[in-house]
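If you want the building blocks of each chain, they are given just below.
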Amino acid sequence: MTETLNTMLQYFSNSKLAGSYFLLFLVSIVLLYYMNKEKNVWFIMYGIVLLVVVVMNPIVVWVLAQVFPVLSTYRPLTLLVPILFYIPFAATELAERLKSRKIRHLVVLILVFLIFVAGNMCGLVTKYSVSDNNVTTSEEKKIVEYLNKIHPAMVLADESIIPAISARADAIPLFYGRDLWMANLDTGIMDGYNEEAYTLFDAMKNSEENAEFIAETAAEYSCDVIIMDYYDEAPLLLKAYKLEEKTNNYLIYVLK
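About the criteria used
- Here the residue index of a chain counts from 1 through its sequence in written order.
- For a predicted model such as this one, the threshold for reporting local features is a pLDDT of at least 70, and the threshold for listing and counting side-chain atom pairs is 80 or more; totals across whole chains, interfaces and linings nevertheless cover every residue.
- Only hydrogens and water are set aside; all other atoms, that is, all heavy atoms of the structure, feed into the side-chain values.
- Every helix listed is a DSSP run of H or I at least four residues long, and every strand listed is a run of E at least two residues long, numbered separately from the N terminus.
- Working definition: with a 1.4 Å probe on protein chains only, accessible area under 20% of the residue-type maximum means buried, over 50% means exposed, and in between means partly exposed.
- Note on contacts: a residue pair qualifies if any of its non-hydrogen atoms lie within 4.5 Å across the two residues.
- Accessible areas in this description were obtained via Shrake-Rupley with a 1.4 Å probe; residue shielding takes into account the shown protein chains only.
- Within the patch definition used here, like charges are joined within 9 Å and nonpolar side chains (Val, Leu, Ile, Met, Phe, Trp, Tyr) within 5 Å, considering only residues with over 30% relative accessible area and no salt bridge.
- Salt bridges, as used here, are contacts in which a Lys or Arg side-chain nitrogen is within 4 Å of a carboxyl oxygen on Asp or Glu.
- Residue types Ala, Val, Leu, Ile, Met, Phe, Trp, Tyr and Cys, when buried and joined through side-chain atoms within 4.5 Å, form a set referred to as a nonpolar core.
- Note that bend, as reported per residue, equals the angle between axes fitted to the 7 residues terminating at that residue and the 7 residues originating from it.
- For the charge count, each Lys or Arg is scored as positive and each Asp or Glu as negative, with His and the chain ends excluded.
- Every charge is mapped onto a representative atom, which is NZ of Lys, CZ of Arg, CG of Asp or CD of Glu.
- Paired strands are those between which DSSP finds at least two bridges.
- Fitting a line to C-alpha atoms yields each axis, with helices limited to the stretch in contact; the angle taken between N-to-C directions then spans 0 to 180 degrees.

Novice: What should I look at first to understand the overall build of the protein chain in this one?
Specialist: From N to C terminus, the protein chain includes 10 helices and five strands. When each of the 256 residues of the protein chain is scored for burial, the buried share is 38%. In the protein chain, of all internal contacts separated by at least 6 residues, the share reaching a separation of at least 24 is 54%. Summing over all exposed atoms, the protein chain offers an accessible surface of approximately 15,100 Å²; the carbon and sulfur share of this is 62%.

Novice: Can you help me understand a nonpolar patch on the surface in this one?
Specialist: A cluster of nonpolar side chains, namely Val41, Trp42, Met45, Ile48, Val49, Val52 and Val53, defines an oily patch on the protein surface of about 650 Å² accessible area. In this fold, Val49 is placed in helix H2 (residues 21-55).

Novice: What should I look at first to understand the nonpolar core in this one?
Specialist: Most often, soluble globular proteins have nonpolar side chains that are buried together. In this structure, Leu156, Ile165, Ile226, Ile227, Met228 and Tyr253 are the most contacted members of the largest nonpolar core, which totals 40 residues. Breaking this core down by element, the ones donating at least two residues are helix H7 (138-150), strand S1 (155-157), helix H8 (162-168), helix H9 (195-203), helix H10 (207-220), strand S2 (225-229), strand S4 (241-246) and strand S5 (250-255). Of the residues forming this core, the biggest block, five residues, is contributed by S5. Core analysis: the second largest hydrophobic core is formed by 18 residues, Leu24, Tyr74, Val81 and Ala90 among them.

Novice: It is not clear to me how H10 should be interpreted in this structure. Could you clarify?
Specialist: Residues spaced three or four apart along an α-helix face the same direction, because each turn holds 3.6 residues. By the largest-angle criterion, Phe213 marks the main kink of H10, which is about 40°. Of the residues making up H10, those classed as buried are Ser207, Ala211, Ile214, Ala215, Thr217 and Ala218. Along its buried surface, H10 packs onto S1, H9, S2, strand S3 (237-238) and S4. Immediately beyond the C-terminal end of H10, within one or two residues, lies Ser222, with a positive phi of roughly 60°.

Novice: Sorry if this is basic, but what is going on with a negative patch on the surface here?
Specialist: A cluster of like negative charges, contributed by Glu208, Glu209, Asp232 and Glu233, occupies part of the molecular surface. For Glu233, the location among the structural elements is in the loop between S2 and S3. Glu233 sits in the exposed class, given a relative accessible area of 79%.

Novice: Is there a simple way to explain the sheet that holds S4 in this structure?
Specialist: With mixed pairing, five strands are arranged side by side in an open sheet as S1-S2-S5-S4-S3. In this open sheet, the two strands that pair with only one neighbour each are S1 and S3. Running over the sheet, H7 touches S1, S2, S4 and S5 and is turned about 5° from S5.

Novice: What should I look at first to understand the environment of Phe175 in this one?
Specialist: For Phe175, the position within the fold is in the loop between H8 and H9. Residues Phe175 and Ile226 lie 51 residues apart in sequence; the distance between their C-alpha atoms is 9.9 Å. With residues up to four places along the chain from it excluded, the contact list for Phe175 reads Met154, Val155, Leu156, Tyr193, Ala197, Leu200, Tyr221 and Cys223.

Novice: Explain the pairing of S5 here, please?
Specialist: For S5, the buried fraction is high: five of the six residues fall into the buried class. Examined bridge by bridge, S2 and S5 share five bridges and lie antiparallel to one another. Each bridged residue has a counterpart across the sheet, and for Val225 the counterpart in S5 is Val254. Examined bridge by bridge, S4 and S5 share five bridges and lie antiparallel to one another. Bridge assignment links Lys242 to a residue of S5, and that residue is Val254.

Novice: Even after reading the chapter, I still don't get the side chain of Glu93, so can you show me in this structure?
Specialist: Its place among the elements puts Glu93 in helix H5 (residues 83-97). What Glu93 contacts, discounting residues up to four positions off in sequence, is Leu32, Met35, Lys39 and Asn40.

Novice: Even after reading the chapter, I still don't get the environment of Glu245, so can you show me in this structure?
Specialist: Its place among the elements puts Glu245 in strand S4. You can call Glu245 partly exposed: its relative accessible area is 29%. Leaving out residues up to four positions away in the same chain, Glu245 has contacts with Lys142, Tyr146, Leu251 and Ile252.

Set out below in structure tokens:
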């Protein structure tokens, strides 16, 4: 449950600044209510219930992720929010209520401009709308693609690469997530991490000195892959692991 909440918060943190279509979705619901609440009541309730009961409910998200593992990345589930249906529907109803043709055309132009701006000018302007956390580097993409290719049963990863794996990989299980080191993230929910998890987390901060300990402990917990900080003279064989890939910042060891 904690990992599900962590994934949801991570996705929200990485996407909330990349456009304002969700805000327009909420504005559309308000407009539909005030323009004709009798006609649109069920349409409005559908959007609200779907959002609150399913998409924003960590319990439901966790259950769905157990039944359909692909949903554990959370991103596919957010596609259930019918943003691209509500916004044009509300805009059409608003335009139809305007009797003056000139005013109607002006309002339509304003709406088109707002949608254009909400989408970061169709991706042309991102400097002030996309945070650094939103950007997945080519190095991170390469690592995620490699993990998706081999699809390990368990990955022990350095904390700096975990957000990219959580957000982009295809439901790759992690030995620990961000909830291990982010204080108060789980709001009191027991995360179930044992002492070894915290010890490994500390050891991963200095992978060169603790490489053998990391490999021994990771093997005990059946971690198929270790992704640690890059260091010079890293051995090709590290206990039960073999160095399969390396990038500018990371070493990827795979269980032999």
